[in-house]
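Coordinates in review
The residues making up each chain are set out below.
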Amino acid sequence: MTPGTIWLLVSAALVLFMTPGLAFFYGGLVKAKSVVSMMMLSFGAIGLVGVLWVLYGANMATLDNSGSDWIKQVLGNPFSDFGQWDAAKDSFGGGDGGVLASVAFGSTFAIITVALISGAIADRARFFPWMLFAGLFATLVYFPVAGWVFAFNDDGMTGWIGNLGDNLGIDASTIDFAGGTAVHINAGAAALALALVLGQRVGFSKELQKPHNVPLVLIGAAILWFGWFGFNTGAAAGDGMATLIFVNTIVCPAAGILGWIIVEHFKNGKATSVGAASGAVAGLVAITPSCVALQPIWAIVLGLLAGGVCAIAVDLKFKLGYDDSLDVVGIHLVAGIIGTLYLGFFAMETGLFTGGGNLDQLILQAVSAIAVAVYSFVVSYAIATVINRTIGFRIHQDEESAGIDSVLHGEEGYALV
């Protein structure tokens, strides 16, 4: 096996491990009688999205611009190699396995993007309507958007966001190395749509936000950070690039912790462990698109900024009235936008303050962020509305009060006598 293939497969395993880590993180944040349901939303995403990606999702995200795409730079042919039939035969016959390695790595990104959304509807979503939403969102939103951002061939990037500089006649390229737009802005915008469709939980208030198991939250955050090294460095093209990404993936979330707990101290007089975990995640989200294009000093500034801003942004739901249960909007959407736009100012060689002194990079970053956010929100809102008005998305309020673990899954998170 070549070192590149080995590292890509190891990275795929690391990223897959992130989704159980997310389940722990989300599970600790909800009520004790909702923890099983919350974790099942993540494991349901693993089961469904992992299958759909291998069947046709990877094909939809593969754009070669040779005429086989359904829409050039926008949508690949889902039936071009259904179920990876030809790729498997090629690998079995002595091929290098590069296609299947990329399919494996890409599947883990698809899985966690969908799983992230579930945090916005904690404590009140029915399981099988969630699974229906997950399948439709993956098919109609994530698979195409992944192609816009990540698709490439020997001639370079092949999706419209990857080619945005050429398409607009700008002497720069959109930077989103690991998914600030495709993963975090995408999931955050969809989360906002679901929160609006499902409405507020019973007794929606800051008091309802108290996590039932803080150690579980910290375990989940630690697993997420561990897996994020595969998330960010999996596609690195060489030792220098990989080491820069690795350092930035250490220092930006570390600064995110500091930014969050500093704001928390001035807001509430106390720095909390949940705040520290949330600050780390905010920093990880922010560095995702920019991990390959920032000097570590600017990654530290980004982490401080993302942690501090997100610590403030998570309270907006109480002022605006949307119930984003576990702050997917306040962390993933907000930090994803910050990390994406930050490159317009500080990207090496092309940022306004670190490169040519013009706005070209910022324009590209802003267009891509806005396009993905709007597309994801509109399609997600439509999918969720149709599901809610037909089979019903939300559990009955009396069942919500009684505890949805026993109602939906016939299980309890803690069998205490």
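Since the model is a prediction, treat every value here as computed from it, not as a measurement.

**So, the state of the cysteines**
Summed over the entire model, instances satisfying the criterion amount to zero disulfides. Free cysteine Cys252: the closest other cysteine sulfur is in Cys291, separated by 9.9 Å. Exposure remark for Cys252: the relative accessible area of 0% places this residue in the buried category. You can see Cys310 has no disulfide; the closest cysteine sulfur is in Cys252, sitting 11 Å from it.

**As for helix H8 (residues 214–233)**
For H8, built from 20 residues, the straight-helix expectation of 28 Å at 1.5 Å per residue is met to within 8% by its first-to-last C-alpha distance of 29 Å. Most pronounced at Gly227, the bend in H8 amounts to some 30°. At the N-terminal boundary of H8, the capping side chain belongs to Asn213, with an oxygen 3.0 Å from the backbone nitrogen of Leu216.

**Remarks on helix H13 (residues 328–346)**
Taking 1.5 Å of rise per residue, the 19 residues of H13 would be expected to cover 27 Å, and the 26 Å separating its terminal C-alpha atoms lies within 8% of that figure. A large share of H13 lies buried, amounting to 15 of its 19 residues.

**What to know about the packing of helix H7 (residues 180–198) against helix H14 (residues 360–390)**
Direction vectors running N to C along H7 and H14 enclose 35°, while the axes themselves pass 8 Å from each other. Relative to H14, the crossing made by H7 is right-handed. For the pair H7 and H14, the contacting residues are Thr181, Ile185, Asn186, Ala189, Ala190, Leu192, Ala193, Leu194, Leu196 and Val197 in the first and Ser368, Ala369, Val372, Ala373, Ser376, Phe377, Ser380, Tyr381, Ala384, Thr385 and Asn388 in the second. Across the contact of H7 with H14, the residue classes tally to 14 nonpolar, seven polar and no charged.

**Quick notes on a nonpolar patch on the surface**
A cluster of nonpolar side chains, Leu258, Ile262, Phe266, Ile297, Ile300 and Leu304, forms an exposed patch at the surface whose accessible area comes to about 590 Å². When contributions to the nonpolar patch are tallied by element, the ones reaching two or more residues are helix H9 (239–268) and helix H11 (296–313). One can find Ile300 in helix H11.

**Looking at the packing of helix H4 (residues 98–117) against H7**
Across the interface, H4 lies against H7 with an axial gap of 8 Å and an inter-helix angle of 30°. Viewed along their axes, H4 and H7 adopt a mutual orientation that is roughly parallel. Crossing geometry of H4 relative to H7 is assigned as right-handed. Touching Phe109, Thr113, Leu116 and Ile117 of H4 are Ala182, Val183, His184, Ala187, Ala190, Ala191 and Leu194, all from H7. Residue composition of the contact of H4 with H7, grouped by class: nine nonpolar, two polar and no charged.

Calculation rules
Residues numbered from 1 in each chain as written. Predicted model: local features only at pLDDT ≥ 70, side-chain atom pairs only at ≥ 80, totals over all residues. Heavy atoms only, no water. Disulfide = S-S within 2.5 Å. Buried < 20%, exposed > 50% of the residue type's maximum accessible area, 1.4 Å probe, protein only. Helix = DSSP H or I, 4+ residues; strand = E, 2+ residues; numbered from the N terminus. Expected span 1.5 Å × (residues − 1). Bend = angle between axes of the 7 residues up to and from the residue. Polar contact = N/O pair within 3.5 Å; in protein donor to acceptor, adjacent residues only side chain to side chain. Axes fitted to C-alpha atoms, helices over the stretch in contact; angles between N-to-C directions. Left-handed = near helix turned anticlockwise from the far one by under 90°. Contact = heavy atoms within 4.5 Å. Nonpolar A, V, L, I, M, F, W, Y, C, P; charged D, E, K, R; others polar. Patch = residues over 30% accessible without salt bridge, like charges linked within 9 Å, V, L, I, M, F, W, Y side chains within 5 Å. Areas by Shrake-Rupley, 256 points an atom, 1.4 Å probe, with all protein chains shown as cover. Salt bridge = Lys/Arg side-chain N within 4 Å of Asp/Glu carboxyl O. Parallel < 35°, antiparallel > 145°, perpendicular 65-115°, else oblique.

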